Amino acid sequence: MYVHAGLIIAVMVAVFVLARWRNLSTELAIFLAAVVGGVVHTKSLPLRHLVEGMFTYFDICLIFITATLFINLLKRAGGIAFVVREIVRAFHRRRALCLALLTLVLLIPGALTGSGAVTVFTTGTLVGTVLTYMGIDKTRSTATIFLCAAMSAAAPPINLWAMMAAAGANMPYVGFMLPLLVLSVSGALLAMFILGRKGEAVKIEEALAALPEPPEGMSWPRVILPFLTFFGLMVASRIW
């Protein structure tokens, strides 16, 4: 048994190395190694195992793609710029509350997509602009965006790392919500207030001039409606 298993592993490693040497991507090299390993083991093409293996993380991929599309559509529609501008306009005299709300804005994209990069690309630049006009230097501002983006990737409801671990171990993705919520929100708030503690109230005129203008007619109901639809579908899927 050990000799047979060792032979299959050796063949798969050899195929992977050869595929990478021929400049194939890592994903294709792994796929070819799996196909050849399956053929060596079963003396035929194990289609069922290959399909099941390739679709183990299919639902996770769909979640990431659709959630990223959702957040980017909201940004392109001007919703995120509208929210940041309204926070600055309403709470520029209350620095602590403004920082807390900006932290929430940074957490939402990563929480829905499971990717900190999406947070950086969609809300990071806008929040970074506001932090600059709070008197926070670029180094601290960049570090704040980076750490909050990392916390957003871990925030519920979507944590790709936990979901992949659960899928790989064939276990349900349950029980992560509250621990991830506490850790990610507290970590993001600590990062924001520790790195942004030295500064001043927002220079309202300069900040609003630097932030992009939302399209005419953008309002809170238009921003909130997509999220209500999203959470409504999530609740409906759990009830029915």
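Residues numbered from 1 in each chain as written. Predicted model: local features only at pLDDT ≥ 70, side-chain atom pairs only at ≥ 80, totals over all residues. Heavy atoms only, no water.

Quick one: what's the story with helix 1 (residues 2-21), residue by residue and with numbers?
Taking 1.5 Å of rise per residue, 20 residues should cover 28 Å, and helix 1 covers 28 Å from first to last C-alpha, within 8% of that figure. Considered for burial, the residues of helix 1 that qualify are I8, V15 and A19. Along the long axis of helix 1, the arc covered by the buried residues comes to 30°, so they all point the same way. With respect to the buried face of helix 1, the exposed residues turned more than 90 degrees away are Y2, V3, I9 and W21. Tucked into the core, helix 1 has its buried residues touching helix 2 (26-42). Looking at the residues trailing helix 1, positive phi occurs at N23, about 65°. (Helix = DSSP H or I, 4+ residues; strand = E, 2+ residues; numbered from the N terminus. Expected span 1.5 Å × (residues − 1). Buried < 20%, exposed > 50% of the residue type's maximum accessible area, 1.4 Å probe, protein only. Arc of directions from axis to C-beta. Contact = heavy atoms within 4.5 Å.)

Summarise the state of the cysteines; cite the residues concerned and give the values.
Enumeration according to the criterion identifies zero disulfides in this entry. Left without a disulfide partner, C98 is nearest to the cysteine sulfur of C148, which lies 13 Å away. (Disulfide = S-S within 2.5 Å.)

Pulling in residues and values, what's your account of the environment of W161?
With respect to the secondary-structure elements, W161 resides in helix 9 (residues 160-168). Using a relative accessible area of 54% as the deciding quantity, one classes W161 as exposed. Remark: the alpha-carbon pair of W161 and S115, spanning 46 residues in sequence, is separated by 9.9 Å. Dropping the residues within four chain positions of it, W161 is found in contact with A153 and A154.

Lay out helix 2 in plain terms, naming residues and giving numbers.
With 17 residues, helix 2 ought to run about 24 Å at 1.5 Å a step, and its terminal C-alpha atoms sit 24 Å apart, in line with that. Residues of helix 2 that are buried sit in contact with helix 1 and helix 3 (47-54). Positioned one or two residues after helix 2, K43 has a phi angle of 65°, which is positive.

For the packing of helix 5 (residues 79-91) against helix 7 (residues 116-132), give the residues involved together with the corresponding values.
The relative placement of two packed helices is expressed as an angle between their axes plus a distance between the axes. Packing of helix 5 against helix 7 brings their axes to within 10 Å, and their N-to-C directions diverge by 25°. In terms of orientation, helix 5 lies roughly parallel with respect to helix 7. When the axes of helix 5 and helix 7 are compared, the crossing they make is right-handed. Touching I80, A81, V84 and V88 of helix 5 are T122, T123, L126 and V130, all from helix 7. When grouped by side-chain class, the residues that make up the contact of helix 5 with helix 7 number six nonpolar, two polar and no charged. (Axes fitted to C-alpha atoms, helices over the stretch in contact; angles between N-to-C directions. Parallel < 35°, antiparallel > 145°, perpendicular 65-115°, else oblique. Left-handed = near helix turned anticlockwise from the far one by under 90°. Nonpolar A, V, L, I, M, F, W, Y, C, P; charged D, E, K, R; others polar.)

So what's going on with the packing of aromatic side chains? Which residues, and what values?
On inspection of all chains with the given rule, the structure shows six aromatic pairs. For the pair F55 and F58, a centre-to-centre distance of 5.0 Å together with 55° between the ring planes defines the contact as tilted. Looking at F55, the relative accessible area reads 46%, which means it is partly exposed. Centre to centre, the rings of F70 and F227 are 5.4 Å apart; their planes meet at 90°, and the pair counts as edge-to-face. Of this pair, F70 sits in helix 4 (residues 58-76) while F227 sits in helix 12 (residues 220-239), and the two are 157 residues apart along the sequence. The class of F227 is buried, set by a relative accessible area of 16%. (Phe/Tyr/Trp six-rings, centres within 6.5 Å; stacked < 30°, edge-to-face > 60°.)

Which residues make up the environment of H4, and what values go with them?
Along the chain, the position of H4 falls in helix 1. Taking the C-alpha atoms as reference points, H4 and V40, 36 residues apart in sequence, are found 9.6 Å from one another. If sequence neighbours within four positions are ignored, H4 has contacts with V40 and H41.

Hey, could you go over the pattern of salt bridges for me, with residue numbers and the actual values?
Enumeration over the complete set of coordinates arrives at five salt bridges. Residue R85 is joined to E213 by a salt bridge in which the shortest nitrogen-to-oxygen separation is 3.3 Å. Separated by 128 residues along the polypeptide, R85 in helix 5 and E213 in the loop between helix 11 (204-210) and helix 12 bring together distant segments of the chain. Residue R85 is classed as buried on the basis of its relative accessible area, which comes to 5%. The residue E200 makes a salt bridge to K203 at a minimum N-O spacing of 3.6 Å. With relative accessibility at 37%, the residue E200 sits in the partly exposed group. For K203, a relative accessible area of 40% gives the class partly exposed. (Salt bridge = Lys/Arg side-chain N within 4 Å of Asp/Glu carboxyl O.)

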